[in-house]
Amino acid sequence: MAKKTVFKEGKWRCTHIDLSGEGACNHENPGPALLCEKCNKHRPKNVQFYLPKGAKVVHDQASILDAKSGANWRCMHCNYDNKASSDICVHCDKVRDTEYEKWINLGGELSTKKYAKGQTPTGYQPKTATSFQQKSKIGKYLKIGGIVLAAVLIIWFIYAQFFKTEALKVEVAGFTWEREVVIEEKQTVTEQGWDIPSGGRQKSRVKKQHGTKEVYDHSEWEEEPIYEDVQVGTQQVECGTIDKGNGYFETQYCDEPIYESQQTGTREVERKVYRTEPVYDYWYTYEIDRWNEVRSPESSGTTKNVSWPEYNLSYNERVGDESESYTVHLKPIVESKFSQLEYDLGFSEWNKMNLGDVYIARVRKSGTVVSLNKPD
Ligand SMILES: [Zn+2]
Ligand SMILES: [Zn+2]
């Protein structure tokens, strides 16, 4: 993979505070500048170089040599940044002492840094940007709190409306009951189908189409193209950027193969051809006895004198389902918005109750009684 590089001029932002009260200088300077173009102060310590979008590519030999010469160094006597090409501080004339520099600058000084594609900083990022984040976090918590509160209110409303009950002292004021018997008659009916159910008596049958099936008929051979990815060339893509530590950035370009899907041949492919054929089956007509509901006598009353309805069965009739229901009518004996309530219950419980018996009823807002208990 061939590598090609290009040098670009980065930028740095001046963070010196102007004591006259104007705030930070904030001037954006060309990367290689050692002094701020606006306030003339030294490049700040631990400066972060960045590469703005559309940064200019340097072409002149002097700048390229400057870019390649290495990271700037900081004079430990006067704090002035110097080019790597000189060992004597241009500000105070003292000689560079690399051993001592290593000892006092345990990291943090200007040096080269490698950035992966797309990771290069493109602007100045101040380190204290948390108050806004904190504010938006508080807003988020308030929003979540509001949603939780709304959900609690909705649940409480549904509970109060449909599930909450109040206790009410009531007395038994009346009884009603209903009983019903379903009478079924055996009837002979004629039905049709692909099968005769048990008990059915066949009357006739005919052959009829029941469905279709797919049957293999023949094969056809077809030519199908074969495609493969073929390298047709190379392209140069950006594969990383190095901050040279002196205001310049080195962008590396790598060769990447370009592939294209191309037809490289053909092959014979079998395609099976099927035909659709009908499937025949017997369609039966048969007679069968079915029990059908013909009537349902009922009885009811308003006393505890219960009885089943009277009926007579013919020779071809039988008793089907039986059903019964028992209701006690209740009158509140304390102040209430309900004048009359009812409650359905099983026969043995219902039958044990007497007019005037006192109970505690649990009643929903709608007037539905959900339970009935003897008072303690
Ligand atoms: Zn400045
Ligand atoms: Zn110096």
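Residues numbered from 1 in each chain as written. Chains lettered and ligands numbered in written order. Predicted model: local features only at pLDDT ≥ 70, side-chain atom pairs only at ≥ 80, totals over all residues. Heavy atoms only, no water.

Enquirer: Give me the lowdown on the domain arrangement of the protein, citing residues and values where you can.
Expert: One can read the domain layout of the protein as domain 1 (128-163), domain 2 (167-184 + 294-373) and domain 3 (185-236 + 256-288). Between domain 1 and domain 2, the C-alpha centre-to-centre distance is 49 Å. (Domains from an automatic or database assignment.)

Enquirer: Break down unusual backbone geometry for me, citing the residues and quoting the values.
Expert: Look at Asn26: it is not a glycine, yet its phi comes out positive at around 65 degrees. With respect to the secondary-structure elements, Asn26 resides in the loop between strand 4 (23-24) and strand 5 (28-30). Phi at Asn40 is positive, roughly 70 degrees, even though this residue is not glycine. Topologically, Asn40 is positioned in the loop between strand 5 and helix 1 (61-68). Look at Asn40 and you get exposed, because its relative accessible area is 55%. (Helix = DSSP H or I, 4+ residues; strand = E, 2+ residues; numbered from the N terminus. Buried < 20%, exposed > 50% of the residue type's maximum accessible area, 1.4 Å probe, protein only.)

Enquirer: Go over helix 1, please, and point to the residues and values.
Expert: Structural remark: α-helix, 3.6 residues per turn; residues separated by three or four positions point the same way. Turning to helix 1, its buried residues are Ser63, Ile64, Asp66 and Ala67. For helix 1, the angular spread of buried residues about the axis comes to 160 degrees, placing them on one side. Opposite the buried face of helix 1, by more than 90 degrees, sit the exposed residues Gln61, Ala62, Leu65 and Lys68. At the exit of helix 1 stands Gly70, carrying a positive phi of roughly 120 degrees. (Arc of directions from axis to C-beta.)

Enquirer: Describe in detail the pattern of salt bridges, supporting the description with residues and values.
Expert: Overall, the coordinates contain 17 salt bridges when judged by the stated rule. Across the pair Arg275 and Glu277 runs a salt bridge, and its minimum N-O distance is 2.7 Å. (Salt bridge = Lys/Arg side-chain N within 4 Å of Asp/Glu carboxyl O.)

Enquirer: For the coordination of the zinc ion (ligand 2), give the residues involved together with the corresponding values.
Expert: Every protein donor of the zinc ion (ligand 2) is accounted for by Cys75 (SG), Cys78 (SG), Cys89 (SG) and Cys92 (SG), and the metal-donor separations fall at 2.2 to 2.3 Å. Motif for the zinc ion (ligand 2), donor spacing along one chain: C-x2-C-x10-C-x2-C. In this pair, Cys75 sits in the loop between strand 6 (73-74) and strand 7 (81-82) while Cys89 sits in the loop between strand 7 and helix 2 (98-104), placing the two residues 14 residues apart along the sequence. Neither Cys75 nor Cys89 differs from the other in exposure class; each is buried. (Donors = N, O, S within 2.8 Å, 3.2 Å for Na, K, Ca; no water.)

Enquirer: Please set out the state of the cysteines residue by residue, giving values where relevant.
Expert: The full count for this structure, using the stated rule, is one disulfide. Two residues, Cys239 and Cys254, share a disulfide whose sulfurs are 1.9 Å apart. Since a negative S-S torsion denotes a left-handed disulfide, the Cys239-Cys254 link at about 70 degrees is right-handed. Taken together, the residues Cys239 in strand 10 (residues 201-243) and Cys254 in strand 11 (residues 248-295) connect sequence positions 15 residues apart. (Disulfide = S-S within 2.5 Å.)

Enquirer: Report on the pairing of strand 15 (residues 358-364), specifying residues and quantitative values.
Expert: Taking every second residue as pointing to the same face, the buried face of strand 15 carries Tyr359, Ala361 and Val363, while none of Val358, Ile360, Arg362 and Arg364 on the other face is buried. Bridge analysis of strand 9 (residues 165-193) against strand 15 gives seven bridges, and the strand direction is antiparallel. Counted as the bridge partner of Glu171 is Val358 from strand 15. Relative to strand 16 (residues 369-373), strand 15 runs antiparallel, the two sharing four bridges. Residue pairing for strand 16: Ala361 is matched across the bridge by Leu372. With antiparallel pairing between neighbouring strands as the criterion, strand 15 and strand 16 make up a hairpin whose turn holds four residues, including Gly367 at a positive phi of roughly 100 degrees. (Pairing = 2+ DSSP bridges.)

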